[in-house]
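# Observations on the three-dimensional arrangement
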Amino acid sequence: MEAEGLDWLLVPLHRLVSWGAAAAMVFGGVVPYIPQYRDIRRTQNADGFSTHVCLVLLVANILRILFWFGRRFESPLLWQSVVMTLTMLLMLKLCTEVRVASELNLKRRSFADFDPHHFWHWSSFADYVQCVLAFTGVAGYVTYLSIESALFVETLGFLAVLTEAMLGVPQLYRNYRHRSTEGMSLKMVLMWTSGDAFKTAYFLLNGAPLQFSVCGLLQVLVDLAILGQAYAFARHPQKPVPHAAHPASTKAL
């Protein structure tokens, strides 16, 4: 009797928690990029942020949306992909504008050049949009032709979440190459880690496809590796390389 008497409270509370978790799932993924976006706007410098992060997330979320047509999963995960795709386009737009403003004298590069050496380093945001639309069109057409194949659908889902699991790898490599995390928002990485941990727990508790849970765990490990870089490079900063004397100066002496 007592349990039944509490139903009036527990049922709405359960629904509220479920809605809150779903909202956190849809919008929580974009929160880490807010401090990075604000830092880039404030400093007008996007060197510390790898735009390949945007490439990875765009590919991953487009593939996940296509995976939904072959195997329906929870709606919050679908809407998360839509919101994340729009967010990455906004990040790309800002980074491109900031970078082009500081490269006025360089040759303009476009997607239509089909130059692999300058892939994802174009001079206009419209070129990135063209690339995304081209990829979406080709991937969507292949999915349409193969949607009846269970093997194709499961492989598509695995590729989607595996690509997303590699999200932090461009940033990890950039930090390693420069032996520094300068310009990278530590708040962003901390939010990545907490968000990915929450997301992985959500996958496990809600019975999401196995690919989601496995790759979520991998994503958390990459986040922790980036945090390890931030700690290591802060304790042992790279020594500045002394500039060699200019030949004219030597001759003058």
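Residues numbered from 1 in each chain as written. Predicted model: local features only at pLDDT ≥ 70, side-chain atom pairs only at ≥ 80, totals over all residues. Heavy atoms only, no water.

### Comments concerning the overall build of the protein chain
What the protein chain contains, in helices and strands, is 11 helices and zero strands. When the helices and strands of the protein chain are listed from N to C terminus, the series reads α-α-α-α-α-α-α-α-α-α-α. Residues counted as buried form 39% of the 253 residues belonging to the protein chain. Taking the contacts inside the protein chain whose residues are at least 6 apart along the sequence as the reference set, 75% of them involve residues at least 24 apart. Element-wise, carbon and sulfur atoms account for 67% of the exposed surface of the protein chain, whose accessible area totals about 15,300 Å². (Helix = DSSP H or I, 4+ residues; strand = E, 2+ residues; numbered from the N terminus. Buried < 20%, exposed > 50% of the residue type's maximum accessible area, 1.4 Å probe, protein only. Contact = heavy atoms within 4.5 Å. Areas by Shrake-Rupley, 256 points an atom, 1.4 Å probe, with all protein chains shown as cover.)

### Thoughts on the side chain of Asp127
The residue Asp127 is located in helix H6 (residues 125–146) in this model. Apart from the residues lying within four places of it in its own chain, the contact partners of Asp127 are Arg109, Ser110, Phe111 and Trp122.

### Remarks on the pattern of salt bridges
On inspection of all chains with the given rule, the structure shows six salt bridges. A salt bridge links Lys199 to Glu164; the shortest N-O distance between them is 2.8 Å. Taken as a pair, Lys199 in helix H9 (residues 186–205) and Glu164 in helix H7 (residues 150–165) lie far apart in primary sequence, 35 residues in all. A salt bridge links Lys199 to Asp196, with the shortest nitrogen-to-oxygen separation between them at 3.4 Å. On the criterion of helical spacing, the pair formed by Lys199 and Asp196 is a turn pair, its members being three residues apart in helix H9. Asp196 carries the same exposure label as Lys199, and that label is buried. Bridged by salt links that share partners, the residues Arg64, Glu164, Asp196 and Lys199 form one connected network. (Salt bridge = Lys/Arg side-chain N within 4 Å of Asp/Glu carboxyl O.)

### Regarding the nonpolar core
In terms of nonpolar packing, the biggest core is built from 53 residues, with Tyr33, Ile40, Phe49, Met88, Trp120, Trp192 and Phe212 touching the most fellow members. If you list the elements that add at least two residues to this core, you get helix H2 (7–27), helix H3 (33–43), helix H4 (52–70), helix H5 (75–101), H6, H7, H9 and helix H10 (210–235). The biggest single contributor to this core is H4, with 11 residues. Other than its neighbours up to four places away in sequence, Trp120 contacts Thr51, His52, Cys54, Leu55, Leu58, Leu92, Tyr128, Cys131 and Val132. (Core = buried A, V, L, I, M, F, W, Y, C linked by side-chain atoms within 4.5 Å.)

### Thoughts on the packing of aromatic side chains
Throughout the structure, instances matching the rule amount to 11 aromatic pairs. A centroid spacing of 5.4 Å and a plane angle of 80° characterise the contact between Phe111 and Trp122, whose relative ring orientation is edge-to-face. Placement of Phe111 in the loop between H5 and H6 and of Trp122 in the loop between H5 and H6 is noted, with a sequence separation of 11 residues between them. If you follow Arg72 out to its NZ or CZ, it ends over the ring of Trp68, 3.9 Å from the centre. (Phe/Tyr/Trp six-rings, centres within 6.5 Å; stacked < 30°, edge-to-face > 60°. Lys NZ or Arg CZ within 6 Å of the ring centre and 35° of its normal.)

### Topic: the UniProt feature "transmembrane region" (unreviewed entry) in the protein chain
According to UniProt, the "transmembrane region" (unreviewed entry) feature falls on residues 16–34, 46–71, 77–98, 119–144 and 150–173. Along residues 119–144 the backbone is 77% helical and 0% strand, and the end-to-end C-alpha distance reaches 27 Å. (UniProt positions renumbered as here; feature names shortened; annotations may be inferred.)

### Some remarks on unusual backbone geometry
In this model, Gln44 sits at a positive phi of 55°, which is unusual for a non-glycine residue. Although it is not a glycine, Phe114 adopts a positive phi angle of roughly 50°. Mapped onto the fold, Phe114 is located in the loop between H5 and H6.

### Examining helix H8 (residues 169–178)
Along H8, the positions that sit buried rather than exposed are Pro170, Gln171, Arg174 and Asn175. The buried side chains of H8 occupy one side of the element, clustering within an arc of 135° when seen end-on. What points out from H8, more than 90 degrees from its buried face, is the exposed set Tyr173, Tyr176 and Arg177. Phi turns positive one or two residues past the end of H8, at Arg179, with a value near 50°. (Arc of directions from axis to C-beta.)

### As for the side chain of Gln229
Turning to its location among the elements, Gln229 is positioned in helix H10. Gln229 sits in the buried class, given a relative accessible area of 11%. Setting aside chain neighbours within four positions, we find Gln229 in contact with Gln171, Leu172, Asn175, Tyr176 and Thr181.

### A few points about the packing of H7 against H10
Taken N-terminus to C-terminus, the directions of H7 and H10 make an angle of 15°; their axes are 8 Å apart at the nearest point. Put simply, H7 runs roughly parallel to H10. When the axes of H7 and H10 are compared, the crossing they make is right-handed. Contacts from Glu154, Gly157, Phe158, Val161, Leu162, Glu164 and Ala165 in H7 reach Gln211, Phe212, Cys215, Leu218, Gln219 and Val222 in H10. In terms of residue class, the contact of H7 with H10 is built from eight nonpolar, three polar and two charged. (Axes fitted to C-alpha atoms, helices over the stretch in contact; angles between N-to-C directions. Parallel < 35°, antiparallel > 145°, perpendicular 65-115°, else oblique. Left-handed = near helix turned anticlockwise from the far one by under 90°. Nonpolar A, V, L, I, M, F, W, Y, C, P; charged D, E, K, R; others polar.)

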